[in-house]
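Analysis of the macromolecular model
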Amino acid sequence: MTDLTLKPATIPKSGLFRWEIGIALLFKIVLLTGLWFLIFRWSDKPAEKPDIAAHLLSPGGQAMISPDLFAQPQQETRHVR
C-alpha cells in the first residue's frame, strides 16, 4: 500500500531567486542608462545652442512666416443662412 505519513514540505532556498532578481534589475538599470545616454547625450549634438531668432529671420525662414498671415480683416463678414 501507500505510505500515508505526512512529510514536511521542502521549500527551496530563496537565495538563488534573490540573486536572479538582483541581476535582472541591474541589467535593466544598465540598459535604461544606456538608452538615456543614447537619446539625450548623443555626441552629434551641436556644440552651442542654435539661435532660433536668426533662423526665423534667415531667407529660408521667411517662408515659414508670411506677411499675409497677420493681414486679416478687422471685421468679419456676416454669414446669413
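Keep in mind that this is a model prediction, so the values were computed, not measured.

The full count for this structure, using the stated rule, is two aromatic pairs. Relative to F37, the ring of W36 has its centre 5.0 Å away and its plane inclined at 85°; by these criteria the two rings are edge-to-face. By relative accessible area, W36 is classed as partly exposed at 39%. Measuring from centroid to centroid gives 6.1 Å for W36 and F40, while their planes differ by 50°, and the two rings are tilted. Taken together, the positions of W36 and F40, both in helix 1 (residues 15-40) and four residues apart, correspond to about one turn of that helix. One aromatic cluster is present, formed by W36, F37 and F40 through successive ring pairs.

With that settled, the discussion passes to a nonpolar patch on the surface. A contiguous nonpolar surface patch, about 860 Å² in accessible area, is contributed by L32, L35, W36, F37, L38, I39, F40 and W42. Structurally, the position occupied by L38 is in helix 1.

Parameters and conventions
- Each chain has its residues counted from 1, following the order in which its sequence is written.
- Two thresholds apply to this predicted model, a pLDDT of at least 70 for residue-level local features and 80 or more for giving and counting side-chain atom pairs, whereas whole-chain, interface and lining totals are computed over all residues.
- Side-chain measures here rest on the full set of heavy atoms in the structure, leaving out hydrogens and waters.
- Think of it this way: a Phe, Tyr or Trp ring, Trp meaning its six-membered ring, pairs with another when their centres are within 6.5 Å, and the plane angle makes it stacked under 30 degrees, edge-to-face over 60, tilted otherwise.
- Relative accessible area decides the class of each residue, using a 1.4 Å probe on protein chains only: under 20% of the type maximum gives buried, over 50% gives exposed, and in between gives partly exposed.
- Helix numbering and strand numbering both begin at the N terminus, where a helix is a DSSP run of H or I of at least 4 residues and a strand a DSSP run of E of at least 2.
- Patch membership requires more than 30% relative accessible area and the absence of a salt bridge. Residues of like charge join within 9 Å; the nonpolar side chains Val, Leu, Ile, Met, Phe, Trp and Tyr join within 5 Å.
- Using the Shrake-Rupley algorithm and a 1.4 Å probe, accessible areas are obtained, with residue cover drawn only from the displayed protein chains.
- Here, a salt bridge means any Lys or Arg side-chain nitrogen found within 4 Å of an Asp or Glu carboxyl oxygen.

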